[in-house]
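Residue-level structural notes
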Amino acid sequence: MNKTKGHIAPYTAADIQKYLDGKLSAAEMHRMEKAALEDPFLADAMDGFSNHAAGQPVIEQDLADLRERLDKRVDQKKRKTLPLLTRIAAAVVILVGLGLIARYGLQKTTTADIAQTPAAGPASKPAPEKAAQDQAAQADSITIETPKAAAS
């Protein structure tokens, strides 16, 4: 049996099998039974081993099968971490690219808009003079017709 960690000794499948086969001393059996009273998992394990009809070879096959399935599951989880890191890196690259496009794209349009707008100040004052010229042109184009009945 293993040394204790705390107040309950950790028992293995081999220890439980020795208990069921009667290969332990009376004091060791008593310690294991006392530990089973305090640890429900140990009690369930002992019951499961005792109810297993075929004995130890089948139990070892079951344990080997469980270990194999656990190893497969752990390997699958290890393989999933690389695609997650790849996705994160791709997202960072896309966000940085969009940020650069937005910065330089907006910067070019704002400088083009500034260059096309007329400057404020004395150069923009000719607008009232143009309005006066337009009114004069309209006044010249208006013809006044006199009624013929009133002229005769």
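Residues numbered from 1 in each chain as written. Predicted model: local features only at pLDDT ≥ 70, side-chain atom pairs only at ≥ 80, totals over all residues. Heavy atoms only, no water.

Considerations on the pattern of salt bridges
The final tally for this structure, using the stated rule, is two salt bridges. Across the pair D65 and R69 runs a salt bridge whose closest N-O atoms are separated by 3.5 Å. With D65 and R69 both in helix 4 (residues 56–116) and four residues apart, this pair spans about one turn of that helix. Under the relative-accessibility criterion, R69 is labelled exposed at 52%. Where K72 meets E68, a salt bridge forms, and the shortest distance between an N and an O atom there is 3.7 Å. In this pair, K72 and E68 are both assigned in helix 4, four residues apart and thus about one turn of the helix distant. Judged by its relative accessible area of 45%, E68 is partly exposed. (Salt bridge = Lys/Arg side-chain N within 4 Å of Asp/Glu carboxyl O. Helix = DSSP H or I, 4+ residues; strand = E, 2+ residues; numbered from the N terminus. Buried < 20%, exposed > 50% of the residue type's maximum accessible area, 1.4 Å probe, protein only.)

Focus: the nonpolar core
Core analysis: the largest hydrophobic core is formed by twelve residues, namely A9, Y11, I16, Y19, L24, M32, A35, A36, L42, M46, F49 and I59. Mapped onto this core, the elements with two or more residues apiece are helix 1 (13–21), helix 2 (26–38) and helix 3 (40–51). For Y19, the contacting residues outside a window of four places in its chain are L24, M29, M32, E33 and M46. (Core = buried A, V, L, I, M, F, W, Y, C linked by side-chain atoms within 4.5 Å. Contact = heavy atoms within 4.5 Å.)

Overview of the packing of helix 1 against helix 3
Remark: helix 1 packs on helix 3, axes separated minimally by 10 Å, with the N-to-C direction vectors making an angle of 60°. With respect to each other, helix 1 and helix 3 are oriented oblique. Seen from above, helix 1 lies across helix 3 with right-handed handedness. Residues A13, I16, Q17, Y19 and L20 of helix 1 lie in contact with helix 3, whose contacting residues are L42, A45, M46, F49 and S50. Grouping the amino acids of the contact of helix 1 with helix 3 by side-chain chemistry returns eight nonpolar, two polar and no charged. (Axes fitted to C-alpha atoms, helices over the stretch in contact; angles between N-to-C directions. Parallel < 35°, antiparallel > 145°, perpendicular 65-115°, else oblique. Left-handed = near helix turned anticlockwise from the far one by under 90°. Nonpolar A, V, L, I, M, F, W, Y, C, P; charged D, E, K, R; others polar.)

Describing the confidence of the model for the protein
Scored by pLDDT, the protein comes out at a mean of 75, with 57% of its residues at no less than 70. Between the elements of the protein, mean pLDDT differs from a low of 57, seen in helix 6 (residues 148–151), to a high of 92, seen in helix 2. (pLDDT = per-residue confidence, 0-100.)

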